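What follows is each chain in one-letter form.
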Amino acid sequence: MDASSPPSSVHDYGYVIPADDILRATERRAQFPTNRPWTMRQVWSNLLFAHWPTPARELAARLPPGMELDTWEGEAWIGVVPFRMPYLRVRWLPDLPPFSRLLETNVRTYVRVGGKPGVYFLSLDADNPITIEVARHWFALPYFNARFSCKFSDQLVDYHVTRTDWRAASGAFAARYRPTAAPQSVSPGTLEDWLTARYALYTAARNGRIMRCDVAHAPWRLSPAEAEISVNTLARSRGVTLADTAPLLHYSARTDTLAWSTTPAR
């Protein structure tokens, strides 16, 4: 069966939305490549956006040459984003359950390259060593091995991650979080939209060239959230100090996505 026509039920989380439906649902379809096919399907679920304002000068100094820090009213933001990926598949490869699920927590900020907004990851911690190595070499992303202990439900997520990779300083994140209201569409022009409506990620290849990966999904539907964060050192392990303030919190139950292979950013 072709990856563009997935089975109606995959693993433990139900129906996989057809790729054409994902493309039709996005409001920014014109931004995505039309001369080459998407290469990967992902489902993101039980996702928490935890954001802190951060001095722009501190973050700008940590960006590779060629990236411009994106700011909201002059202020930069750091996001710590724990979630699970119950479905992950490369388009032309068979569906292999041991490699098609992932737990991940990323630390991210926001940039522009050539005027196009996107995400820049300071770190991505995950629990599948093979997927991590593929992502490091294929996408040039700073993925690291980590140990997870997590419990998921519709109303409460108990999430623990500890980095175990020798290629980065130690770090951890532990929290109990949940949505506090029904999900709603994110209004254009708001801070929530600016933080989350990012349809590209940027990274620097070994030769210093800036690479871009386009990502497509329907517009976010987010719930306000509450979280008890007991450990939060992943950002600090990458040289960033989070503000000593309550984070801005949002929850997403599920988002189906498509991703393209990386190409040089112009």
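Placed above this text is the structure.
Residues numbered from 1 in each chain as written. Predicted model: local features only at pLDDT ≥ 70, side-chain atom pairs only at ≥ 80, totals over all residues. Heavy atoms only, no water.

Asks: Which residues make up a nonpolar patch on the surface, and what values do they have?
Replies: On the surface, I130, V134 and W138 cluster together into a nonpolar patch covering about 270 Å² of accessible area. Topologically, V134 is positioned in helix α3 (residues 129–138). (Patch = residues over 30% accessible without salt bridge, like charges linked within 9 Å, V, L, I, M, F, W, Y side chains within 5 Å. Areas by Shrake-Rupley, 256 points an atom, 1.4 Å probe, with all protein chains shown as cover. Salt bridge = Lys/Arg side-chain N within 4 Å of Asp/Glu carboxyl O. Helix = DSSP H or I, 4+ residues; strand = E, 2+ residues; numbered from the N terminus.)

Asks: Let's hear about the environment of A218: which residues, and what values?
Replies: The topology assignment puts A218 in the loop between β11 (210–217) and β12 (221–232). A residue is classified by how much of its surface remains accessible, and A218, at 29% relative accessible area, is partly exposed. For the pair A218 and R24, spaced 194 residues apart in sequence, the C-alpha to C-alpha distance is 8.2 Å. Apart from residues no more than four positions distant in its own chain, A218 is found in contact with A25, T26, Y199 and D256. (Buried < 20%, exposed > 50% of the residue type's maximum accessible area, 1.4 Å probe, protein only. Contact = heavy atoms within 4.5 Å.)

Asks: Tell me what's going on with unusual backbone geometry, and back it up with residues and numbers.
Replies: The backbone of N46 shows a phi angle near 50°, a positive value even though the residue is not glycine. Within the element layout of this structure, N46 appears in strand β1 (residues 40–54). Residue classification places N46 among the buried positions, given a relative accessible area of 5%. Not every positive phi belongs to a glycine, and A140 is a case in point at roughly 55°. Locating A140 in the fold gives a position in the loop between α3 and β6 (143–151).

Functional significance is not addressed by these values, which are geometric in nature.
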